[in-house]
Amino acid sequence: MPPTATLEDIKAYQHKVEKDKITPHNLPPCPRCRVDSSFFKTHAYRERRFLIIIEMLVQAAYCSLVRFKCPGCGKTFTNYPDFAIPHKHYTQPSIMGFSASYLNCEHITYRQAVMVGGSVPGYPQNDATLAPSTIHRWITPLGRFTQTCRTALMLLLQQNPLSSICRSLARITIPQRKYKTKRRKKQLICCQQLMIVEAFFQATFKTSIFTKLAIRHAFG
Ligand SMILES: [Zn+2]
């Protein structure tokens, strides 16, 4: 089974949105005026298209995301479900899962990393399949969440000073065949760091760093 959010995950979130169960309480305070997130008001709903993989086919699924507004300064924020990565249509498990299979294995190429059990997920509209370059493109922005990673690491160490996360981060190595420039090497390292931090964060706080820290860093 390919890494993906499921239709059930998306339906469950939509159900929560409809029942008014999405609250801003676990979000950080407004980065602009420091108003506590529990005072945020629901501002708008925005329909969002996600791409999930069902029986090796890439399919669209729709879900509403909630936008909150800070009553102090009027800034608005989108609340992201754990299966979403801001500005990406594919879901977090797909993006992180395929990227991890490329990064975690020394000899694997992008072409091999898109394979699931000997075949590649395809698009139902035509004969196209998930392109190896897609994984290359996913890793680039994942390597840019350095500030989010730093904040998440701080929160993790506050919560558990004896965490083994620093040891895991120190062990990251990128085989030389995976990059031609120093810039790419840095992107690959940062992406690996993000994956490790996200795994520890999920285990510790039961939520994604993308959900929890979205507001603070605004993903700029
Ligand atoms: Zn504010």
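Quick note: structure is the one above.
Thresholds applied
For every chain, the first residue of the written sequence is number 1, and numbering continues from 1 onward in sequence order. Only residues with pLDDT of 70 or above have their local features reported here, since the model is predicted, and side-chain atom pairs are shown and tallied only from 80 upward, although totals for entire chains, interfaces and linings are computed over all residues. Only heavy atoms go into the side-chain values, all of them from the structure, while hydrogens and water stay out. Two strands form a pair only when DSSP identifies at least two bridges running between them. Every helix listed is a DSSP run of H or I at least four residues long, and every strand listed is a run of E at least two residues long, numbered separately from the N terminus. Each axis is a line fitted through C-alpha atoms, and for a helix only the stretch in contact is used; angles between axes span 0 to 180 degrees, taken between their N-to-C directions. Here, residues are in contact when the closest pair of their heavy atoms is within 4.5 Å. Here a donor is any nitrogen, oxygen or sulfur atom (N, O, S) within 2.8 Å of the metal, with 3.2 Å used for Na, K and Ca; water is not among the atoms considered, so some sites may look incomplete. Note on geometry labels: four donors, all angles 85 to 135 degrees, give tetrahedral; four donors become square planar and six octahedral when opposite donors are over 155 degrees apart and every other angle is between 65 and 115; remaining cases are irregular. Multiplying one less than the number of residues by 1.5 Å gives the expected span of a helix. Partly exposed describes any residue whose relative accessible area lies between the buried limit of under 20% and the exposed limit of over 50%, with all areas from a 1.4 Å probe on protein chains only and scaled to the type maximum. In this context, the arc is that of the directions from the helix axis out to the C-beta atoms.

## Side note on the sheet that holds strand β3 (residues 76-79)
Read across the open sheet, the three strands follow the order β1-β2-β3; overall the sheet is antiparallel. Edge positions in the sheet fall to β1 (41-54) and β3, since each has one partner strand and no second. Direction aside, the axes of adjacent strands within the sheet are offset by 25° on average. Bridge analysis of β1 against strand β2 (residues 57-69) gives 13 bridges, and the strand direction is antiparallel. What sits directly across from Arg49, in β2, is Tyr62. Along the sheet, helix α1 (residues 7-18) contacts β1, β2 and β3; its crossing angle with β2, the most-contacted strand, is approximately 25°.

## Let's talk about the coordination of the zinc ion
Around the zinc ion, the protein supplies Cys30 (SG), Cys33 (SG), Cys70 (SG) and Cys73 (SG) as donor atoms, at distances of 2.3 Å. What the four donor atoms of the zinc ion show is an angle range of 97 to 117° at the metal, which sorts the shape as tetrahedral. Along the chain, the residues donating to the zinc ion fall in the pattern C-x2-C-x36-C-x2-C. Highlighted residues: Cys33 in the loop between α1 and β1 and Cys70 in the loop between β2 and β3, separated in sequence by 37 residues.

## Topic: α1
Spanning twelve residues, α1 covers 16 Å between terminal C-alpha atoms, matching the ideal 16 Å at 1.5 Å per step. Here α1 has its buried residues at Ile10, Tyr13, Gln14 and Val17. Viewed along the axis of α1, the buried residues span an arc of 100°, placing them on a single side of the element. Counted as exposed and oriented over 90 degrees from the buried face of α1: Glu8 and Lys11. Where α1 is buried, its residues meet β1, β2 and β3. A positive backbone phi angle near 65° is found at Asp20, which sits one or two residues after α1.

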